[in-house]
Amino acid sequence: MIEIVDAVAWLVDLEVETVRTDAVQSFVKQETVFVEVTTNDGNKGIGYSYTIGTGGTSVLAMLREHLLPRLIGADAALVERVWFDLFASTRATTVGAITSLALAAVDTALWDLRCTRAGEPLWRLAGGFRPKVPLYDTEGGWLHLSTDELVAGARASQAAGWPGVKLKVGKPRLDEDVERLTAVRDAVGAGMDIMVDANQSMTQAEARRRAAAFEPLGLSWFEEPLPADDVAGHEALARGTAIPIAVGESMYSVAQFREYLARGAASIVQVDAARVGGITPWLKVAHTAEAFNVHVCPHFLMELHVSLVAAVPNGRYVEHIPQLRAITHGQMRIEDGHAVAPDTPGIGIDWDFDAIDDRRVA
Ligand code: MG
């Protein structure tokens, strides 16, 4: 038995690397919650989770007051058992964002430990499909950027050999969205993937209207057109448009994905390892999606998700939004428009603990 003898958590505020806006919000800061687990053989695992500006101290409190004390004495190798026991101990606050984010920090720490002890990188131990995965850029597509800036960003991605770009939509008028998307499509031609993201901002009627107007542009997906709990709305929209409907960044349990997939309401699954409760449930969602012949293109967290997309056969894309450069050594490797999964044992993130300590707030 690999007994957990210590488990600690702390919170780091990380400034955003660039201004990021969409139809409903702005990315304020990355509240990064860390968990460090130590075992009786002297090994350590580091896990993390995040918010984009709200609730970080609540996640930390959930960990310190409820979850971490339960870890002491547990067998670190029984990752499923630990996840299940922690989840079961929080019945009154599940399914919920705070609990899932807290579970994710623990679960990624246990996966880090598992990989380190095995001497294997995450992408191999979590499945091992292929080390390089296609990359698309979101950093050049924020809603506050001008049409000229969107075009310049897409051209730069294309010149770098990246296969796709994502643009935020949800301008007050439909014609503004169409004008911006048309300018980018005209600039890059038919041979580049363009995705759009409405961040849950639309009504069903407005999403139908915009999807119809977007259809001639050959989009690869229409992301979060509606509020995430409107499964019926996504189902109706998916049946009524040729554009694949992408959802998942605002879902916090495996069962939510199962319902979307069973109803044909999700054409692309964007499961986020932090929000769904860690690597353990992330893999369950990815495998469920595979059974429905659906691709997984996870939301954000490229530094972790590169290894998970590389682990599964239906991993299609990694989203380029670098956000850990201030607290890590090195950067995610990019080759020929592909992100390369790290080959070092562990979850593949080389933390700079001095920089982390400088930004520690709790
Ligand atoms: Mg999104």
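Treat the numbers as computed from the prediction; the structure is a model and nothing was measured. (Residues numbered from 1 in each chain as written. Predicted model: local features only at pLDDT ≥ 70, side-chain atom pairs only at ≥ 80, totals over all residues. Heavy atoms only, no water.)

Novice: What exactly am I supposed to notice about the coordination of the magnesium ion here?
Specialist: Ideal donor angles around a metal are set by the shape: a four-donor tetrahedron calls for 109.5 degrees, a six-donor octahedron for 90 or 180 degrees. Donor atoms from the polypeptide that coordinate the magnesium ion comprise Asp 197 (OD), Glu 223 (OE) and Glu 249 (OE), at 2.0 to 2.2 Å from the metal. The sequence pattern describing where the donors of the magnesium ion fall on their chain is D-x25-E-x25-E. Separated by 26 residues along the polypeptide, Glu 223 in strand β7 (residues 221-223) and Glu 249 in the loop between β8 (245-247) and α9 (254-262) bring together distant segments of the chain. (Donors = N, O, S within 2.8 Å, 3.2 Å for Na, K, Ca; no water. Helix = DSSP H or I, 4+ residues; strand = E, 2+ residues; numbered from the N terminus.)

Novice: I keep staring at helix α5 (residues 147-159) and nothing clicks. Help me out?
Specialist: Because the α-helix completes a turn every 3.6 residues, residues three or four places apart line up on one side. Taking 1.5 Å per residue as the helical rise, α5 with its 13 residues ought to reach 18 Å, and the 18 Å between its terminal C-alpha atoms agrees with that figure. Listing the buried residues of α5 in full gives Thr 147, Leu 150, Val 151, Gly 153, Ala 154 and Ser 157. The arc that holds every buried residue of α5, seen down its axis, measures 165°, which confines them to one face. Exposed residues lying more than 90 degrees from the buried face of α5 are Asp 148 and Ala 159. As for α5, its buried residues are in contact with β4 (132-137), β5 (164-168) and α6 (174-188). Positive backbone phi, approximately 90°, marks Gly 161, located one or two places after α5. (Expected span 1.5 Å × (residues − 1). Buried < 20%, exposed > 50% of the residue type's maximum accessible area, 1.4 Å probe, protein only. Arc of directions from axis to C-beta. Contact = heavy atoms within 4.5 Å.)

Novice: Hey, could you run me through the pairing of strand β3 (residues 44-51) in this one?
Specialist: Along any regular strand, the residues point their side chains to alternate faces of the sheet. The buried fraction of β3 is high, at seven of eight residues. Pairing between strand β2 (residues 29-39) and β3: eight bridges, direction antiparallel. Following the sheet pairing, Phe 34 is matched in β3 by Tyr 48. Between β2 and β3, which follow one another and run antiparallel, lie four residues, and Gly 42 among them has a positive phi close to 90°. (Pairing = 2+ DSSP bridges.)

Novice: Just checking my understanding: could you explain the sheet that holds strand β1 (residues 4-15) for this structure?
Specialist: The strands making up a sheet associate through backbone hydrogen bonding, with each pair oriented either parallel or antiparallel. Pairing in this open sheet of three strands is antiparallel, and the strands run β1-β2-β3 from one edge to the other. Each of the sheet's edge strands pairs with one partner strand only, and the pair in question is β1 and β3. Between one strand and the next, the sheet's axes are offset by a mean angle of 20°, whatever the strand orientation. Sheet contacts for helix α1 (residues 56-71): β1, β2 and β3; angle to β1, the most-contacted strand, approximately 175°. Contacts from helix α3 (residues 97-118) reach β1, β2 and β3 within the one sheet, and its direction differs from that of β3 by about 150°. (Axes fitted to C-alpha atoms, helices over the stretch in contact; angles between N-to-C directions.)

Novice: I keep staring at the nonpolar core and nothing clicks. Help me out?
Specialist: Within soluble globular proteins, side chains that are nonpolar tend to cluster in buried spots. Core analysis: the biggest nonpolar cluster contains 105 residues, and Leu 63, Phe 222, Val 269 and Trp 282 have the highest contact counts within it. For this core, the leading source of residues is α3, giving ten residues. The two domains that each donate at least three residues to this core are domain 1 (4-119 + 353-358) and domain 2 (124-340). Once you skip the residues sitting within four places of it in the chain, Phe 222 turns out to touch Val 169, Val 196, Ala 198, Met 202, Ala 207, Ala 211, Phe 214, Ile 243, Pro 244, Ile 245 and Ala 246. (Core = buried A, V, L, I, M, F, W, Y, C linked by side-chain atoms within 4.5 Å. Domains from an automatic or database assignment.)

Novice: I'm lost on the domain arrangement of the protein in this one. Help?
Specialist: Accessible area lost on assembly of the parts is the figure often given for the size of an interface. Domain annotation of the protein identifies domain 1 (4-119 + 353-358) and domain 2 (124-340). Taking the mean C-alpha position of each, domain 1 and domain 2 sit 24 Å from one another. Counting residues at the interface gives 37 residues for domain 1, matched by 38 residues for domain 2. In this assembly, domain 1 packs against domain 2 so that about 3,000 Å² is buried in total across both faces, 63% of it on carbon and sulfur atoms. When the buried area of domain 1 at its contact with domain 2 is split by residue, Glu 17, Tyr 50 and Trp 111 rank highest and sum to 20% of it. On inspection of domain 1 and its partner domain 2, the count reaches three salt bridges. (Buried area = accessible area lost by both parts, 1.4 Å probe. Salt bridge = Lys/Arg side-chain N within 4 Å of Asp/Glu carboxyl O.)

Novice: Before we go on, may I ask you to explain the packing of aromatic side chains in this structure?
Specialist: Within a pair of aromatic rings, the relevant descriptors are the distance that separates the centres and the angle that separates the planes. Taken as a whole and judged by the stated rule, the model has eleven aromatic pairs. Measuring from ring centre to ring centre gives 4.8 Å for Phe 34 and Trp 351, while their planes differ by 80°; the resulting arrangement is edge-to-face. Pair noted here: Phe 34 is in strand β2 and Trp 351 is in the loop between β13 (338-340) and α12 (353-358), with a separation of 317 residues, a long-range link. Residue classification places Trp 351 among the buried positions, given a relative accessible area of 6%. An angle of 65° between the planes, with centres 5.1 Å apart, marks the rings of Tyr 50 and Phe 300 as edge-to-face. Of this pair, Tyr 50 sits in strand β3 while Phe 300 is found in the loop between β10 (295-296) and α11 (302-309), placing the two residues 250 residues apart along the sequence. Each member of the pair, Tyr 50 together with Phe 300, is buried. Taken together, the aromatic side chains of Trp 10, Phe 34, Tyr 48 and Trp 351 make up a single cluster linked through ring pairs. (Phe/Tyr/Trp six-rings, centres within 6.5 Å; stacked < 30°, edge-to-face > 60°.)

Novice: Is there a simple way to explain the environment of Ala 61 in this structure?
Specialist: For Ala 61, the location among the structural elements is in helix α1. Note on Ala 61: relative accessible area 27%, which makes it partly exposed.

Novice: How should the environment of Asp 350 be read in this particular structure?
Specialist: Positionally, Asp 350 belongs in the loop between β13 and α12. Classification of Asp 350 by relative accessible area gives partly exposed; the value is 46%. Taking C-alpha positions, Asp 350 is 46 Å from Ala 205, a pair spaced 145 residues apart along the chain. Sequence-distant contacts of Asp 350, defined by excluding residues within four places in its chain, comprise Thr 328 and His 329.

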